[in-house]
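Remarks on the overall topology
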Amino acid sequence: MEKGRVNRKSQRAQRGENGKRGEKEKGKGKILRVDVEALSKKYPIFIGELPKIELKGKVAVITNPKVGGLHLSYLLQRLKGDEVYIVTLPDGEEYKNWESIQYGLDRLFDHKLDRNSTLIAFGGGVIGDMTGFLASIFLRGIKFIQIPTTLLAMVDSSVGGKTGINNRFGKNLVGSFYQPEVVYIDTHFLQTLPPREFRAGMAEIIKMAVMFDRDFFEKIERGSISIEEAIKRAVELKAWVVSEDEKERGVRSVLNYGHTFGHVIENLTNYRKYLHGEAVAMGIAMANRLAEKMGLLTREEGERIENLLRREGLPTYFPVEDPEEFYSHFFLDKKASQNRLKFILPDGIGKFKIVENPPKGVVIETLEEFPKGAKG
Ligand SMILES: NC(=O)c1ccc[n+]([C@@H]2O[C@H](COP(=O)([O-])OP(=O)(O)OC[C@H]3O[C@@H](n4cnc5c(N)ncnc54)[C@H](O)[C@@H]3O)[C@@H](O)[C@H]2O)c1
Ligand SMILES: [Zn+2]
């Protein structure tokens, strides 16, 4: 599989390899800023080398053994608080649950954190979602800071204030909307991120570009954008969406392009076979076919999107065993309220359309375009 250009370029730049060294050095010290203006809170997102962070009161860094092992010293060199505690939660989506929250709360009480204390989410989306949730319920809410360490967390989960955990009824069904004080995005952490996780984050970046910004899409396509700039643009777009619709009553649902199909793929494969971003990439290919049938997208445009996903190392073909079974799974999704089906579809590249309850026959025909055994 060919590696994506944004990926290659950034990784060379990070390693300071031939020719790219200048680029890295030029970018060094430069901090990009995006402001989130949600109804409940306004806060900045900084993209660039992690600055010195000085906090009053006690601080608890919430992390997991992997991220802590790799990067805690980098963070602690830059962090000052009256007392700094480290709370380590187990690594993995399966631990994004009540037990971890309970354990985390116990540690916060052990260390006698109070209303003036601050939590720092230091990890991927799992740690970010749980830390935000902890911050929102501990003593009815204390301050927290997001320092995301995966690409997905940088462009998606750390922005917008959705927090929460999973339970046996489904994913992210318990939680709160709770915004951080500030988000620090430092691409230094991406050096140790497994390439597959990096690519999963790229799926969300491409999703934002297709929905909202054709020029951004074309820059990624041409490879003429650095990873920092791509993160900034994705964050800007998400920040704009969140400012318009913090609690997902309208335009925020547009972030679900590729997700209605993708969630079914994750469900059918028991959340084991694919990373979320991979399922989204395959879901995007399906949404594109549906958009074509609804007269919103040409096959050429669909191919451009899918080619870009493939070039970034993402899968675009999920073999559908049984279209009827796949269809029935749409209604297990918590976002399909009261048997109403909502698809977010591209209206060309750079614009979206929300399509509710398309005729079942059209959706089944779409799924039939992904027969088992055809590709893979
Ligand atoms: N709140 C939101 O708006 C929102 C949006 C999208 C996704 N999410 C949630 O985010 C979660 C997925 O986040 P994710 O993809 O970051 O997964 P993750 O947090 O599980 O991280 C993936 C893996 O990478 C490891 N890791 C993290 N940073 C690393 C680094 N710098 N180097 C090496 N390894 C590193 C993690 O320990 C983990 O093993 C899901 O629970 C999802 O529900 C939330
Ligand atoms: Zn997603």
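**Here's the deal with the overall build of the protein**
Across its full length, the protein carries 14 helices and 13 strands. Radius of gyration (C-alpha) of the protein: 21 Å, near the 21 Å computed for a compact globule of 376 residues. With the C-alpha coordinates of the protein rotated into their principal frame, the extents come out at 60 × 50 × 35 Å. Buried positions account for 45% of the 376 residues belonging to the protein. At a minimum sequence separation of 6, the contacts of the protein that also span at least 24 residues come to 73%.

**A short note on the nonpolar core**
Within the largest apolar cluster, 101 residues are counted, with the highest numbers of intra-cluster contacts made by Ile62 and Ile120. Per-element tally for this core: the top contributor is helix α7 (residues 195-212), with eleven residues. Each of domain 1 (31-192) and domain 2 (195-368) contributes no fewer than three residues to this core. Apart from residues no more than four positions distant in its own chain, Ile120 is found in contact with Val59, Val61, Ile62, Phe144, Ile145 and Ile147.

**A closer look at unusual backbone geometry**
Although it is not a glycine, Leu139 sits at a positive phi angle of roughly 50°. Structurally, Leu139 can be placed in the loop between α5 (125-137) and β8 (143-148). Here Arg140, not a glycine, exhibits a phi torsion of approximately 65°, which is positive. Relative to the helices and strands, Arg140 is located in the loop between α5 and β8. The exposure class assigned to Arg140 is exposed, which follows from the 7 C-beta atoms found within 10 Å.

**Examining the sheet that holds strand β2 (residues 42-47)**
Pairing within the open sheet is mixed, and its seven strands lie in the order β1-β2-β11-β8-β7-β4-β6. Of all strands in the sheet, those bounded by a partner on one side alone are β1 (32-37) and β6 (83-88). The sheet shows a mean angle of 20° between the axes of neighbouring strands, direction not considered. Of the strand pairs in this sheet, strand β4 (residues 58-63) and β6 are connected by six bridges, and their pairing is parallel. Within the sheet, the bridge partner assigned to Thr63 lies in β6 and is Thr88. Packed onto the sheet, α5 meets β4, β7 (118-123) and β8 and runs at close to 165° relative to β7.

**Concerning the pairing of strand β11 (residues 182-185)**
The two faces of a sheet get side chains in turn, since along a regular strand they alternate between them. Alignment of β2 against β11, held across three bridges, turns out to be parallel. Looking across to β11, one finds that Ile45 is bridged to Val183. By the bridge criterion, two bridges tie β8 to β11 in an arrangement that is parallel. Paired with Gln146 across the two strands is Val183, which belongs to β11.

**Some remarks on the confidence of the model for the protein**
This prediction gives the protein a mean pLDDT of 92; 90% of its residues lie at or above 70. Low pLDDT, under 50, characterises residues 7-26; the predicted model gives this stretch 21 contacts beyond four residues in sequence or across chains.

**What to know about the site of ligand 1**
Close to ligand 1 lie 27 residues; Gly124, Gly125, Thr149, Thr150 and Ser157 are nearest. Counting residues per element, the ones that place at least two in the shell around ligand 1 are α3 (65-76), α5, α6 (151-157) and β10 (170-177).

**Quick look at the domain arrangement of the protein**
Under the domain assignment used here, the protein contains domain 1 (31-192) and domain 2 (195-368). If you average the C-alpha positions of domain 1 and of domain 2, the two centres end up 27 Å apart. With 25 residues of domain 1 in contact, the opposing surface of domain 2 contributes 22 residues. Contributions of two or more residues to the side of domain 1 that touches domain 2 are made by β1, β2, α6 and β10. The residue inventory of the side of domain 1 that touches domain 2, partitioned by class, reads 16 nonpolar, six polar and three charged.

**Quick look at the packing of helix α11 (residues 276-293) against helix α14 (residues 360-368)**
Remark: α11 packs on α14, axes separated minimally by 9 Å, with the N-to-C direction vectors making an angle of 130°. If you check the angle between α11 and α14, you find them oblique. For the pair α11 and α14, the sense of crossing is right-handed. For the pair α11 and α14, contact is made by Met286, Arg289, Leu290 and Lys293 and by Val362, Val363, Glu365 and Thr366, respectively.

The rules behind each value
Residues numbered from 1 in each chain as written. Chains lettered and ligands numbered in written order. Predicted model: local features only at pLDDT ≥ 70, side-chain atom pairs only at ≥ 80, totals over all residues. Helix = DSSP H or I, 4+ residues; strand = E, 2+ residues; numbered from the N terminus. Rg over C-alpha atoms; globule rule 2.2 N^0.38 Å. Buried ≥ 20, exposed ≤ 12 C-beta atoms within 10 Å, placed from the backbone. Contact = placed C-beta atoms within 7 Å. Core = buried A, V, L, I, M, F, W, Y, C linked by C-beta atoms within 7 Å. Domains from an automatic or database assignment. Pairing = 2+ DSSP bridges. Axes fitted to C-alpha atoms, helices over the stretch in contact; angles between N-to-C directions. pLDDT = per-residue confidence, 0-100. Near = placed C-beta within 6 Å. Nonpolar A, V, L, I, M, F, W, Y, C, P; charged D, E, K, R; others polar. Parallel < 35°, antiparallel > 145°, perpendicular 65-115°, else oblique. Left-handed = near helix turned anticlockwise from the far one by under 90°.

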